[in-house]
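# Structure assessment
These are the residues of each chain, in order.
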Amino acid sequence: DRVRRNGRPSTLAPMAKQAEFIVGIDLGGTKMHVGIVDREDRIVGECRRKTRGDGGLDMVLDRMVEAVDRACDDAGIDFDRVAAVGVGAPSAIDHPRGVALRAVNLGWTDVPLRTLLEKRLDRPVALDNDVNVAAWGESRLGAGRGVSTMLGVWVGTGIGGGLVLDGVLHRGHFFTAGEIGQMVIAASAPPGQRTVEEVCSRTGMVNALRGLVGRDEDSPLARRLHDAKRSHVGSSLLAESYRARHPAVRSVVDHAAERLGLVLANLATVLSPEAIVLGGGVTEALGETWIELVRTPFRRWVFPDSMRRCRIEASTLGDHAGVLGAALQARDATT
């Protein structure tokens, strides 16, 4: 394989004996974020690219390698100073084999992603689920730092979770621990309104709003909801409409937070975590308003009463959580 190093073609360079940097890759269904992480856990170079999963596996791999090159350029380093690469992918991961079992957004099934990247980059690669690495980043460097048992929940286009139990990332026997979004909360509800993700994610909230906001309403939200060419409603517009006290948005967001708080209370009753960290686009856009909306039902339903002391906090690493968590996993695997 030939890749680009600092803007020029070259063969893959051998790893330097004193390599001091780790690459972290947060691979999403639509976007990827690559960071160069130094020994002090600082991101010193970055690159963001569209994933373009519709172009097939090879195109995604090519773009990942290109993004690593560009991140190295941004950091002002040669790739031979990189010791290892960590990747968080939107899929359940067979961790021992390094296989992405099913990445729906990318159309992948049983893809040996770790081996494929190791061949292209000539570096050890650590591979895990994208929310697992984000939760691990928060556990080690962010809102969960110093906490031995933590639940991380990322609320955005969908909903995913990660579990840190007694200081160890818990993947489960079938590698699917943390699939909070697929929990059923209303089995008798109509299709599309039964799971946590269908009700509490941004996608779920926007789908609910399409049935509540009329086409004749004169608002940025209504125009975006009903514009066939520009129908995407992002978390920022959702938050803006909530703060403007749009009645339908208030109703839908409040209901989503109520359901999520109930689910977290049930999980906390079982797991007894010290902290729950919320991340993702919805959390970032709504901020402390969203956190408090979730805390209220959590405290009402959690058992026993002592569990009300469980902290529910927003991610402090933001969209860097995945990059940092992936890099930390790679470092741990190679030291």
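Reading the values: rules and limits
The written sequence of each chain sets the order in which its residues are numbered from 1. In keeping with the predicted nature of the model, local features appear solely for residues at pLDDT of at least 70, side-chain atom pairs appear and are counted solely at 80 or more, and the whole-chain, interface and lining totals rest on all residues. Only hydrogens and water are set aside; all other atoms, that is, all heavy atoms of the structure, feed into the side-chain values. One confidence number per residue, pLDDT, is output by the predictor and ranges from 0 to 100. By the convention used here, residues are in contact when the closest approach between their heavy atoms is within 4.5 Å. The salt bridge criterion pairs a side-chain nitrogen of Lys or Arg with a carboxyl oxygen of Asp or Glu, the two atoms within 4 Å. Helix numbers and strand numbers start at the N terminus; a helix is a DSSP run of H or I with at least 4 residues, a strand a run of E with at least 2. Partly exposed residues are those whose accessible area sits between 20% and 50% of the maximum for their type, while under 20% is buried and over 50% is exposed, using a 1.4 Å probe and protein chains only. Centres within 6.5 Å make a pair out of two Phe, Tyr or Trp rings, where for Trp the six-membered ring is used; the pair is then stacked when the planes are under 30 degrees apart, edge-to-face when over 60, and tilted otherwise. Either the NZ atom of lysine or the CZ atom of arginine qualifies as a charge over a ring when it sits within 6 Å of the ring centre and within 35 degrees of the ring normal. When DSSP finds two or more bridges between a pair of strands, those strands are recorded as paired. Each axis is a line fitted through C-alpha atoms, taken for helices only over the stretch in contact, and angles between the N-to-C directions span 0 to 180 degrees.

### Quick notes on the confidence of the model for the protein chain
Per-chain confidence: the protein chain averages 92 in pLDDT, with 93% of residues scoring 70 or above. Throughout residues 1-17 the model reports pLDDT below 50, and contacts reaching past four residues in sequence, or to other chains, amount to 39 contacts.

### Observations regarding the pattern of salt bridges
Within this structure, the stated rule accounts for 20 salt bridges. Residue Asp62 is joined to Arg120 by a salt bridge in which the shortest nitrogen-to-oxygen separation is 2.4 Å. With a gap of 58 residues between them, Asp62 in helix 1 (residues 57-75) and Arg120 in helix 2 (residues 113-121) connect regions that are remote in the sequence. Relative accessible area serves as the criterion here: at 43%, Asp62 is assigned to the partly exposed category. Judged by its relative accessible area of 16%, Arg120 is buried. Of the charged contacts in the structure, one is a salt bridge between Arg311 and Glu313, with a shortest N-O distance of 2.7 Å. Through salt bridges with shared partners, one network takes in Glu288, Glu292, Arg295 and Arg299.

### Concerning the packing of aromatic side chains
Considering all chains together, one arrives at zero aromatic pairs under this definition. The ring centre of Tyr242 lies 4.1 Å from the NZ or CZ of Arg250, which sits over that ring.

### Brief notes about the sheet that holds strand 9 (residues 108-111)
Here three strands make up an open sheet; going across it, the order is 7-8-9 and the pairing antiparallel. Looking along the sheet, the strands with just one partner apiece sit at the ends: strand 7 (92-94) and strand 9. Recorded for the sheet is a direction-independent mean angle of 20° between the axes of neighbouring strands. In the sheet, strand 7 pairs with strand 8 (residues 99-103) via three bridges, with the strands oriented antiparallel.

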